[in-house]
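Commentary on secondary and tertiary structure
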There are 6 protein chains.
Amino acid sequence: MILPILLIFSLLSSTSNAAVQDFCVADLASPDTPSGFACKKPAAVTVNDFVFSGLGAGGNTSNIIKAAVTPAFAEKFAGVNGLGISMARLDLAVGGVIPMHTHPGGSEVLVVISGSICAGFISSSDNKVYFKSLKKGDIMVFPRGLLHFQINAGGTPALAFVSFSSERPGLQILDFALFANDLPSEIIEMTTFLDDAQVKKLKGVLGGTG
Amino acid sequence: MILPILLIFSLLSSTSNAAVQDFCVADLASPDTPSGFACKKPAAVTVNDFVFSGLGAGGNTSNIIKAAVTPAFAEKFAGVNGLGISMARLDLAVGGVIPMHTHPGGSEVLVVISGSICAGFISSSDNKVYFKSLKKGDIMVFPRGLLHFQINAGGTPALAFVSFSSERPGLQILDFALFANDLPSEIIEMTTFLDDAQVKKLKGVLGGTG
Amino acid sequence: MILPILLIFSLLSSTSNAAVQDFCVADLASPDTPSGFACKKPAAVTVNDFVFSGLGAGGNTSNIIKAAVTPAFAEKFAGVNGLGISMARLDLAVGGVIPMHTHPGGSEVLVVISGSICAGFISSSDNKVYFKSLKKGDIMVFPRGLLHFQINAGGTPALAFVSFSSERPGLQILDFALFANDLPSEIIEMTTFLDDAQVKKLKGVLGGTG
Amino acid sequence: MILPILLIFSLLSSTSNAAVQDFCVADLASPDTPSGFACKKPAAVTVNDFVFSGLGAGGNTSNIIKAAVTPAFAEKFAGVNGLGISMARLDLAVGGVIPMHTHPGGSEVLVVISGSICAGFISSSDNKVYFKSLKKGDIMVFPRGLLHFQINAGGTPALAFVSFSSERPGLQILDFALFANDLPSEIIEMTTFLDDAQVKKLKGVLGGTG
Amino acid sequence: MILPILLIFSLLSSTSNAAVQDFCVADLASPDTPSGFACKKPAAVTVNDFVFSGLGAGGNTSNIIKAAVTPAFAEKFAGVNGLGISMARLDLAVGGVIPMHTHPGGSEVLVVISGSICAGFISSSDNKVYFKSLKKGDIMVFPRGLLHFQINAGGTPALAFVSFSSERPGLQILDFALFANDLPSEIIEMTTFLDDAQVKKLKGVLGGTG
Amino acid sequence: MILPILLIFSLLSSTSNAAVQDFCVADLASPDTPSGFACKKPAAVTVNDFVFSGLGAGGNTSNIIKAAVTPAFAEKFAGVNGLGISMARLDLAVGGVIPMHTHPGGSEVLVVISGSICAGFISSSDNKVYFKSLKKGDIMVFPRGLLHFQINAGGTPALAFVSFSSERPGLQILDFALFANDLPSEIIEMTTFLDDAQVKKLKGVLGGTG
């Protein structure tokens with residue numbers, strides 16, 4: 001019985017030397033590329049690269065939106081690098097809102113774990129709105145790049161998990177994009193038709209300048 | 001004020017006529033293609049195409065694996081067609097097991113909603129096993145195409161949601177692939193090194209012939 | 001000399017029968033799929049499927065934005081179906097503005113043909129604004145899915161051509177998405193922090209209800 | 001033992017209904033799409049869709065190039081539709097040549113089965129030529145879209161199999177593209193710098209007009 | 001009002017830390033990869049990475065083809081790295097010709113800005129030629145990898161901009177590939193059927209050896 | 001004649017500086033990324049990077065499976081890096097078997113060079129088995145990620161070459177994945193329904209522990 005073991009191990013060795021790239025755990029200290037971060041050396045990879053516990057606790061909802069988004073994208077969850085998938089946790093206190101936003105890099109599926117959430121998106125071809133009140137266990141898909149939102153639709157806190165078709169889907173929150181930077185108010189007003197007072201009020205809230 | 005409305009609507013019309021394909025809700029009666037099902041006519045699409053309630057209730061775990069997989073792939077959840085994402089629900093009664101399986105078409109991320117789950121996968125390059133006991137809120141990624149499993153690791157029922165990087169990731173359960181069809185026992189034995197008695201016993205349980 | 005011709009034609013025939021799909025001109029009457037429209041029969045394809053003259057004349061800029069977008073996406077320019085590229089023409093009268101918008105399905109490159117254009121986009125990762133005044137011959141890239149805008153920055157009409165990395169990049173104009181449909185004002189206000197009066201004013205201009 | 005079988009079959013059924021698209025065997029009578037032909041109904045698929053015997057016999061090399069290319073692309077080998085791979089057989093009699101050509105849709109790997117073949121390609125970035133005489137068992141890769149050729153380099157017939165990274169890689173033979181159609185000689189001469197006599201001579205051999 | 005600002009900034013920070021890869025400006029000093037150059041550090045990116053002014057001036061057409069191609073691919077226009085799009089400028093003096101060539105890596109759309117251009121391509125499946133005389137404002141698409149050409153069709157200089165479905169589409173000019181390197185004349189003649197005198201004449205013009 | 005050469009070379013230079021990435025030969029000493037290895041410097045690339053002679057000799061079949069798999073994936077055949085294609089050689093002595101396995105990263109096409117091979121795969125959607133005895137010259141495709149096998153079906157040694165739709169398709173041999181590592185026997189038994197004695201017997205043969 002000794003012989004077979006040795007022989008088959010020689011097959012094993014020869015194949016494993018030329019093996020596939022099953023995964024590419026992100027080495028955050030290495031250069032970023034269009035396809036993702038460079039890979040950790042295989043010998044340094046452990047099961048903990050593929051497990052993330054940071055979504056176990058609710059985010060802090062003591063803020064003006066009464067909500068929190070806790071992402072597990074490739075920068076925090078190194079195991080998903082290159083695999084085209086990631087997750088995030090949404091906590092919405094009573095009255096909580098995830099403001100209008102897009103994910104430039106991927107589609108999203110949301111599953112309601114507790115509470116009730118009114119969620120919707122707007123199509124680009126005809127500006128049609130698709131929204132619905134979701135109950136526990138319902139899932140909803142938000143196609144890539146389209147404006148969408150989530151609102152706590154009930155009298156109790158709501159919890160949802162969302163998944164993305166990219167390990168780095170991005171998150172462009174409309175109000176932050178418009179009012180939390182130094183884009184001149186004049187340009188904002190010309191390109192959004194918003195009134196000057198409205199723009200300045202929201203810049204005040206969100207810390208924008210210019 | 002009438003004039004501006006008309007003028008801007010003419011811009012709206014001209015752009016919307018040439019607009020993008022934001023989504024392609026599956027028309028299951030139409031031909032399937034390598035990129036997915038043909039699309040429903042836009043006028044027939046409603047918000048219900050993007051919402052699926054079939055994961056709200058637990059699957060039936062009164063079976064020998066004491067577990068159930070309830071998928072929401074494109075065949076059932078038409079809104080994800082072409083979007084590269086889908087979900088499923090895993091219910092594991094006490095002692096429940098999702099047997100060794102692969103998804104040929106996509107990577108998977110699992111989030112534990114209740115209970116405790118021991119989950120793992122095996123890499124192809126060096127046959128190294130990555131497994132860990134996951135608690136509520138933990139997430140784990142299983143890279144595309146690799147053998148993996150989930151086992152209820154606690155004394156209470158466990159619930160998890162899984163997401164995939166494909167709207168049709170597939171599910172090849174090892175035992176069904178080997179023992180639930182008419183693949184001749186002789187071929188199974190030659191290609192798996194399993195004993196004849198073992199093969200026939202499992203064919204008996206799973207309904208295989210030949 | 002007759003013989004060689006016949007012989008080499010037999011090679012030609014055998015290879016052409018199994019030839020490639022060089023292109024897939026859209027048959028707009030056929031079903032749409034996630035990868036694009038079904039293809040016209042090869043025998044029906046002519047050079048006119050690959051040429052589009054609809055960008056030769058300026059769009060009508062007699063509207064409140066004093067600008068026009070004339071697209072040549074796959075729905076109008078059937079030859080680009082499946083090829084991952086398309087174009088559009090931008091006309092900006094003096095004072096003209098292409099309002100804040102995104103293309104969910106592709107990146108864009110703009111080339112200024114005449115006049116001067118102030119163009120910019122906002123990144124999602126840190127809400128940083130990148131904008132610059134472009135002169136004739138300058139080109140600028142707008143990465144996929146990010147909010148961007150173009151403003152006539154001079155005292156003469158401006159003309160630009162834009163190209164996209166998709167044959168159907170989509171066009172989601174922020175104001176149309178928010179104010180030109182039946183999305184309830186209450187939801188808009190909760191998800192954008194805009195004041196009720198501002199929302200109702202813009203719904204009035206753009207024809208929104210609810 | 002009856003009970004377990006029924007129970008596990010119910011799991012099997014529920015999962016198989018929502019199963020993956022493992023493959024999409026081409027239904028050549030259905031519409032073509034940018035991602036390939038529509039799929040045959042699963043019930044109509046047999047093992048013969050995945051097996052092709054047309055490469056078993058050598059092509060006819062009694063022609064002026066003393067060579068034959070026998071392809072197994074998706075149009076003839078329906079099982080590869082959508083799978084991103086295909087094959088062809090090359091037969092080169094003594095003195096045989098596969099003329100300068102490209103595959104617009106894919107990279108190629110060649111393996112020499114018998115005889116000796118001088119094969120090469122030309123890079124586009126610096127027009128550098130990479131060519132070598134290959135012996136039995138050698139493999140060579142030709143990157144996508146680059147001009148390449150194969151010449152029988154020995155005194156015996158040569159046989160090779162080639163594989164492509166596409167199920168429909170295409171085949172553009174330079175001489176056929178230039179001289180076997182109705183492209184006006186004047187245009188050929190302006191765009192290739194070839195002499196008029198040379199162009200007309202080759203049009204004569206290859207059947208071109210104009 | 002101080003409090004809301006601080007609270008919402010904490011949300012902003014937590015999301016921006018895990019944000020998307022909106023773009024990947026090429027760091028030309030870093031390693032190249034199959035998906036493109038490694039990315040510049042985000043802090044080093046400025047608007048000038050996304051703007052390129054090198055297409056503003058006409059290329060030098062004082063050469064034998066009376067034409068010039070000025071590219072803005074990722075090597076020169078770092079902002080397009082990884083975004084699947086790029087541009088180039090074509091200048092054709094009276095009598096100017098862009099010789100027969102392919103882009104192995106992408107499809108092309110051309111827009112005529114001034115003058116008149118006769119442009120065409122040759123399909124691979126049946127060697128059919130598609131060509132047409134284009135006037136100002138016309139656009140034409142050239143599918144990936146196919147031989148194509150552009151000729152000044154009028155009595156005035158012509159200007160066109162071309163876009164590609166790749167940030168590095170490549171450019172293989174037929175005459176340079178055949179006659180501007182050290183590919184032995186004997187091999188050229190065997191694989192193109194060109195006469196020895198013709199090959200040597202063009203090698204003389206283009207600097208080829210061997 | 002001097003003048004034309006210089007002039008056209010200036011065109012050549014300007015275009016080659018901005019040229020395409022025709023290929024990306026793997027620099028195995030550089031970091032790995034999700035899209036493959038970083039590229040060798042172009043100046044260091046030679047024709048030998050595109051040619052591999054390691055498949056010329058048969059693998060050693062003096063082992064318990066009487067078979068050998070000799071791969072030419074990107075780790076050994078650097079020229080295929082990033083090109084989406086690779087090859088391997090299968091040698092099956094009389095009675096030889098390539099055991100049940102998957103390639104997580106790509107589809108496979110096999111061509112029989114000598115002898116006779118019984119090959120098959122199992123679909124995931126309905127566990128249907130597709131298998132057939134292949135003779136010399138037959139080709140068969142195995143769709144991505146599905147369990148498949150090859151058995152010498154004749155009285156003489158068999159030789160086949162296989163190609164993959166990925167430069168690093170991976171190879172997960174079922175028995176090695178289950179029995180050649182430290183996956184606890186209890187977990188194997190729970191997730192495969194195999195008997196304890198069977199598991200321990202195969203761990204003994206294949207060197208597994210736990």
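Residues numbered from 1 in each chain as written. Chains lettered and ligands numbered in written order. Predicted model: local features only at pLDDT ≥ 70, side-chain atom pairs only at ≥ 80, totals over all residues. Heavy atoms only, no water.

1. Brief notes about the overall build of chain A
Quick note on the threshold: Numbering of helices and strands runs from the N terminus, with a helix taken as a DSSP run of H or I at least four residues long and a strand as a DSSP run of E at least two residues long. The globule rule is 2.2 Å times the number of residues to the power 0.38, and the radius of gyration it is compared with is taken over C-alpha atoms. Summary of the burial criterion: residues with accessible area below 20% of their type's maximum are buried, those above 50% are exposed, and those between are partly exposed, where the area comes from a 1.4 Å probe applied to protein chains only. Two residues form a contact once any of their heavy atoms are found within 4.5 Å. Values of accessible area rely on a 1.4 Å probe in the Shrake-Rupley scheme; residue burial ignores everything except the protein chains shown. The charge count treats Lys and Arg as positive and Asp and Glu as negative. His and the chain ends do not count. In plain terms, the charge of a residue is placed at NZ if it is Lys, CZ if Arg, CG if Asp and CD if Glu.
A tally of regular secondary structure across chain A gives 4 helices and 13 strands. At 22 Å, chain A has a C-alpha radius of gyration far larger than the 17 Å of a compact globule built from 210 residues. C-alpha atoms of chain A, sized along the principal axes, occupy 85 × 40 × 35 Å. Evaluated residue by residue, chain A yields a buried proportion of 67% over its 210 residues. Once local pairs closer than 6 in sequence are excluded, the contacts in chain A between residues at least 24 apart make up 68%. Summed over its atoms, the accessible surface of chain A is roughly 6400 Å², and 60% of this surface lies on carbon and sulfur atoms. Of the charged side chains in chain A, 14 are positive and 16 negative; the average position of the first set lies 7 Å away from that of the second.

2. Some words on the arrangement of the chains
At the C-alpha level, the nearest point of chain A lies 16 Å from chain D, with no contact between them. There is a gap between chain C and chain F: no contact, and a shortest C-alpha distance of 16 Å.

3. Some remarks on the interface of chain B and chain A
Worth spelling out the cut-off: By buried area we mean how much accessible surface two parts lose on assembly, using a 1.4 Å probe and totalling the loss over both. We define a salt bridge as a contact between a side-chain nitrogen of Lys or Arg and a carboxyl oxygen of Asp or Glu at a distance within 4 Å. Side-chain atoms alone can form a polar contact between residues adjacent in sequence; in general such a contact is a pair of N or O atoms within 3.5 Å, and within protein one must be able to donate a hydrogen while the other accepts it. For this classification, the nonpolar set comprises Ala, Val, Leu, Ile, Met, Phe, Trp, Tyr, Cys and Pro, the charged set comprises Asp, Glu, Lys and Arg, and every other residue, Gly included, is treated as polar. Pairing between strands is defined by DSSP: at least two bridges between the two strands are required.
Each side of the interface is counted separately: chain B has 53 residues, and chain A has 54 residues. Buried area between chain B and chain A, both sides added, is near 4200 Å², and the carbon and sulfur share of it is 70%. Ranking the residues of chain B by area buried against chain A places B:Asp22, B:Ile85 and B:Ile139 at the top, with a combined share of 14%. The tally of links from chain B across to chain A stands at 0 salt bridges. Taken together, chain B and chain A are joined by 15 residue pairs in polar contact (both at pLDDT 80 or more). Of all elements in the fold, only helix 1 (2-17), strand 3 (51-52), strand 7 (108-114), strand 9 (129-134), strand 10 (139-142) and strand 12 (158-164) of chain B reach the threshold of two or more residues within the side of chain B that touches chain A. For the side of chain B that touches chain A, the element with the most residues is strand 9 of chain B, which contributes 4 residues. Here the residues of the side of chain B that touches chain A are counted per class, giving 32 nonpolar, 15 polar and 6 charged. As paired elements, strand 10 (residues 139-142) of chain A and strand 3 of chain B share 2 bridges and run antiparallel to each other.

4. With respect to the UniProt feature "domain: Cupin type-1" (unreviewed entry) in chain A
Stated precisely, the cut-off is as follows: UniProt positions are given in the numbering used here, feature names are shortened, and annotations may be inferred rather than shown by experiment.
Feature annotation in UniProt assigns "domain: Cupin type-1" (unreviewed entry) to the following positions: residues 53-200 of chain A. As annotated, residues 53-200 of chain A has a helix share of 13% and a strand share of 38%, and its two end C-alpha atoms lie 40 Å apart.

5. Let's talk about the pairing of strand 6 (residues 97-102) of chain F
Residue and element names in this part refer to chain F. Most of strand 6 is tucked away, with 6 of its 6 residues classed as buried. Bridging between strand 6 and strand 13 (residues 172-173) involves 2 bridges; their strand directions are antiparallel. Following the sheet pairing, Thr-102 is matched in strand 13 by Gln-172.

6. Quick notes on the side chain of B:Asn181
Secondary-structure assignment places B:Asn181 in the loop between helix 2 (174-179) and helix 3 (185-192). B:Asn181 gets classed as buried once you look at its relative accessible area, which sits at 8%. One polar contact links the side chain of B:Asn181 to the main-chain carbonyl oxygen of F:Asn127, over a distance of 2.9 Å. With sequence-adjacent residues up to four places away left out, B:Asn181 is seen in contact with B:Phe176, B:Lys203, B:Gly208, B:Thr209, F:Ile122, F:Asn127 and F:Val129.

7. Quick notes on the sheet that holds strand 6 (residues 97-102) of chain E
All names here are of chain E. Reading across the sheet, the 5 strands line up as 9-8-11-6-13 and stay open at both edges, with antiparallel pairing between neighbours. The open sheet terminates on both sides in strands that have one partner only, identified here as strand 9 (129-134) and strand 13 (172-173). Inspection of the sheet shows strand 8 (residues 117-122) paired to strand 9 by 6 bridges, in the antiparallel sense. Counted as the bridge partner of Phe-121 is Tyr-130 from strand 9.

8. Some remarks on the state of the cysteines
All names here are of chain B. Short version of the rule: The disulfide definition used here is simple: a pair of cysteine sulfur atoms within 2.5 Å.
Per the counting criterion, the structure on display carries 6 disulfides over all chains. Here Cys-24 is linked by a disulfide to Cys-39, with a sulfur-sulfur distance of 2.0 Å. As the torsion about the S-S bond is roughly -100°, the Cys-24-Cys-39 disulfide counts as left-handed. Of this pair, Cys-24 sits in the loop between helix 1 and strand 1 (32-33) while Cys-39 sits in the loop between strand 2 (36-37) and strand 3, placing them 15 residues apart in sequence. Pair check on accessibility: Cys-24 and Cys-39 agree, each one buried.

9. A word on helix 4 (residues 196-206) of chain A
Residues spaced three or four apart along an α-helix point in a common direction, a consequence of the helix completing one turn every 3.6 residues. Residue and element names in this part refer to chain A. The condition is simple: Read the arc as the range of directions from the helix axis to the C-beta atoms.
Three or more residues of helix 4 are buried, namely Gln-198, Val-199, Leu-202, Lys-203, Val-205 and Leu-206. Relative to the axis of helix 4, the buried residues are bounded by an arc of 160° and lie together on one face. Of the residues flanking the end of helix 4, it is Gly-207, one or two places downstream, whose phi is positive at about 85°.

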